[in-house]
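# Overview (structure and organization)
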Amino acid sequence: MGLRRLLTPAALPLFCALLLGVCPVRSQGPEFWNDQAQLTLRKALHRQRTLNTNVAKNVVFFVGDGMGISTVTAARILKGQQAGNPGEETVLAWEDFSSLGLSKTYSVDRQTADSAATATAFFSGVKSNDDMVGLDDRAKVGDCASTFNASAESFLTLAHKAGKATGFVTTSRVTHATPAALYAHCPDRYWEDDEDVPSYERALGCTDIGSQLAENGKDFEVIMGGGRRELTSRDFIDPEYPEKDGHREDGRNIINEWLLSKPQDRSKYVWNLDDFNKVDPNETDHLIALFERSHMHFEIERADDEGGEPSLAEMTEKAIKILQKDPDGFVLAIEGARIDHAHHDGTARLALLETLSMEEAVAKAMELTNEEDTLVIVTADHSHTLTIGSYADRGNPILGLSGYEGEDDLPIPTLLYAGGPGGELEMRSYNRTGARRNLNNIDTEDLEFIQPAIIPAHDESHGGEDVAIYANGPMSHLIHGVHEQNYIAHVVRYAACLDDSRENCEASSAPPSGSLSLAVGITTFILSTIFSV
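Residues numbered from 1 in each chain as written. Predicted model: local features only at pLDDT ≥ 70, side-chain atom pairs only at ≥ 80, totals over all residues. Heavy atoms only, no water.

Under an unreviewed UniProt entry, the name given to the chain is alkaline phosphatase, and the source organism is Patiria miniata. One UniProt comment on the chain, placed under Sequence similarities (unreviewed entry), says "Belongs to the alkaline phosphatase family." The record held by UniProt for the chain lists under Subcellular location (unreviewed entry) the comment "Cell membrane". (UniProt positions renumbered as here; feature names shortened; annotations may be inferred.)

### Here we look at the UniProt feature "active site" (unreviewed entry) in the chain
Annotation from UniProt places "active site" (unreviewed entry) at Ser115. Tracing the sequence through the fold places Ser115 in helix α5 (residues 115-124). Once residues lying within four places of it in the same chain are set aside, the contact partners of Ser115 are Asp65, Ala177, Thr178, Arg189, Asp381, His382 and His462. (Helix = DSSP H or I, 4+ residues; strand = E, 2+ residues; numbered from the N terminus. Contact = heavy atoms within 4.5 Å.)

### Focus: the packing of aromatic side chains
Geometrically, a pair of aromatic rings is defined through the distance of the ring centres and the angle of the planes. On inspection of all chains with the given rule, the structure shows 11 aromatic pairs. Taken together, a centroid distance of 6.0 Å and an interplanar angle of 55 degrees make the contact between Tyr391 and Tyr404 tilted. With Tyr391 in the loop between β10 (386-388) and β11 (401-405) and Tyr404 in strand β11, this residue pair connects regions lying 13 residues apart in the sequence. Since its relative accessible area comes to 40%, Tyr404 is described here as partly exposed. Of the aromatic side chains, those joined through ring pairs into one cluster are Phe61, Phe122, Phe123 and Phe155. Lying over the aromatic face of Tyr106, Lys127 brings its terminal NZ or CZ to 3.4 Å of the ring centre. (Phe/Tyr/Trp six-rings, centres within 6.5 Å; stacked < 30°, edge-to-face > 60°. Buried < 20%, exposed > 50% of the residue type's maximum accessible area, 1.4 Å probe, protein only. Lys NZ or Arg CZ within 6 Å of the ring centre and 35° of its normal.)

### Overview of the nonpolar core
One broad rule of soluble globular proteins: the nonpolar side chains tend to lie buried together. Formed by 57 residues in total, the largest nonpolar core has its most connected members in Phe62, Trp94, Met224 and Val378. Take this core: its biggest share by element is 10 residues, from helix α14 (residues 348-368). Residues contacting Phe62, with those up to four places away along its chain left out, are Thr316, Ile334, Met358, Ala361, Val362, Ala365, Val376, Ile377, Val378 and Thr379. Counting 53 residues, the second largest nonpolar core, distinct from the first, contains Ala119, Ala177, Ala471 and Ala489. (Core = buried A, V, L, I, M, F, W, Y, C linked by side-chain atoms within 4.5 Å.)

### Quick look at helix α15 (residues 421-433)
Between the first and last C-alpha of α15 there are 18 Å, a value that for 13 residues agrees with the 18 Å anticipated at 1.5 Å per step. Taken together, the buried positions of α15 are Pro421, Gly422, Gly423, Glu426 and Ser429. Along its buried surface, α15 packs onto α13 (338-344), β13 (415-420) and β14 (453-456). Phi turns positive one or two residues past the end of α15, at Gly434, with a value near 80 degrees. (Expected span 1.5 Å × (residues − 1).)

### Topic: the pairing of β14
In this structure, β13 lies alongside β14, joined through three bridges in parallel fashion. Bridge pairing links Gly419 to Ile455 in β14. A crossover connection joins β13 to the parallel β14 through α15; in handedness this β-α-β unit is right-handed. (Pairing = 2+ DSSP bridges. Right-handed = clockwise from strand over helix to strand, strands pointing away.)

### Overview of the environment of Ala44
Among the secondary structure elements, Ala44 is positioned in helix α3 (residues 30-49). Spatially, the C-alpha atoms of Ala44 and Ser99 are 9.7 Å apart, while their sequence positions differ by 55 residues.

### Focus on the packing of helix α12 (residues 312-323) against α14
Where α12 meets α14, the closest approach of the two axes is 8 Å, and the angle between their N-to-C directions is 25 degrees. In terms of axis orientation, α12 runs roughly parallel to α14. Judged by the sense of rotation from one axis to the other, the crossing of α12 with α14 is right-handed. Counted together, Leu312, Ala313, Thr316, Glu317, Ile320 and Lys321 of α12 and Ser357, Met358, Glu360, Ala361, Lys364, Ala365 and Leu368 of α14 form the full contact between these two elements. (Axes fitted to C-alpha atoms, helices over the stretch in contact; angles between N-to-C directions. Parallel < 35°, antiparallel > 145°, perpendicular 65-115°, else oblique. Left-handed = near helix turned anticlockwise from the far one by under 90°.)

### Concerning the sheet that holds strand β7 (residues 330-336)
Spatial strand order, β5-β6-β4-β3-β7-β1-β8-β16-β2-β17: 10 strands in an open sheet with mixed pairing. Of all strands in the sheet, those with a lone pairing partner are β5 (267-270) and β17 (482-484), marking the two edges. Here the strands of the sheet are splayed against their neighbours by 15 degrees on average, with no regard to which way each runs. As paired elements, strand β3 (residues 165-173) and β7 share six bridges and run parallel to each other. Within the sheet, the bridge partner assigned to Gly167 lies in β7 and is Leu332. Across the sheet, α12 touches β1 (58-64), β3, β4 (222-226), β6 (286-290) and β7, and the angle it forms with β7 is around 170 degrees. Lying on the sheet, α14 is in contact with β1, β7, β8 (374-380) and β16 (467-472); it crosses β1 at an angle near 170 degrees.

### A word on empty space enclosed by the protein
One pass over the full model with this rule turns up three cavities of 30 Å³ or more. Its boundaries defined by the atoms lining it, the largest cavity holds a volume of some 50 Å³. In terms of lining, the largest cavity is formed by Thr171, Met296, His297, Glu299, Arg302, Glu309, Pro310, Ser311, Leu312, Met315, Glu354 and Ser357. Of all the secondary structure elements, the ones that give two or more residues to the lining of the largest cavity are α12 and α14. Taken as a whole, the second largest cavity holds about 40 Å³ of empty space. Taken together, Val63, Phe123, Phe168, Val169, Thr170, Thr178, Pro179, Leu182, Ala333, Ile334 and Glu335 make up the full set of residues lining the second largest cavity. Residue assignment for the lining of the second largest cavity shows that the elements contributing at least two residues are β3, α7 (177-180) and β7. (1 Å grid on protein atoms, 1.4 Å probe; cavity = no way out; pocket = protein on both sides within 12 Å on 5 of 7 lines; lining within 4 Å. Points joined across faces, edges and corners; volume = space filled by probe spheres on them.)

Next comes the structure, spelled out in structure tokens:
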């Protein structure tokens, strides 16, 4: 069967969706599904013949904190439904990447891991124990003496040593577990400022994560996120909340220290949206932007912030435009941190909206970079216990009731958690009425609605199942199956020549990769065929 025979009227929306990701795909009978499968097969065969083996001049690494596969599926459906479609057929920005794998997220000491251990794995290439950042498993939690000679370097540090521009963007505090693993080596993820570190551990030489941002983070060109309080002293008057001060007892202002380590005429610190918007990437080589005392706001609540906050996509754009001026390339890590926070609270809608906020950032990164020389990876550190079930009809609101009832004749929502605050609400309902919550007259799409859960718990927990790894660009085919999570860092290091494991690092130009030429070739064919009909 030739490609021309596949170009039926029913298949035209399919071509548009596969190549551009913007056209709604609807069920159109067996011809549609067969054509869809054949097109996907041909794309796969072409990719196999034309692997992109270029050296990755640039790397953009996205972490959706807590973005398990069920979260991705639910966010995909929500995005489609927001556009007026059934939802299930939607394609997220990273779902058209050329390569896909799975990541095993357990840590050395936990079956279900935390963000510190997982970030250490995919940033530094070694698995570690829970609650520690930037250390291998010879270190023990809270034990300063055990950390000597146990440091694990992140690929961001290696990129700096290789002469590339570097930076990170997060919606959490910049000293929080995931970003901390990029620059800090600390036996306790909660030692974010000096007052958090026990005096006897300080006496042994351990320093807090904020201090290490000044010491090791000074090598980075861009730092964006929240967390002013961990970097400023008790006598610091916060510009956004004058009634509040910093948390540091040592009198240090890490923000100023970072700035003073940079050329003053091309370095900036901003804390609000207006000043952020005034930053000209062409005139700025170093930027530290801290938009909150603690974590940044959820995307949907940004408008309520007095100082104003940029979106994750806006921060991504600014960071790339600053870093890409370096002729040697750049490495940028970006975290959609608050997916995880919303899940812990049992608020599924917020978690899905945060996922879609990160998707916009991924789309922006793809727009600003070239897949010939830029490796883009999207993954998660761990999952959550969100489930999608109850046989809802196609197109049923993903945040709504499934249309089915339990044996107790009460409705079942499509999304549930295994445990969490929703379980506490169910327990209270049982104690009060002898039954779980009746959701018939409840707005389950309200931002503050807490999804039902089986086990009552103050916080919903992480999930221990594998998470997805999506990759596009040079050497992305190295993501190809089920991998240990620490393997991802080795792919980045190999693709970008950040260590000595690759022999052809001088050959920065290789034969053109297939994915871009394939898209251009098929698009040209489609257009010529359409206009010749």
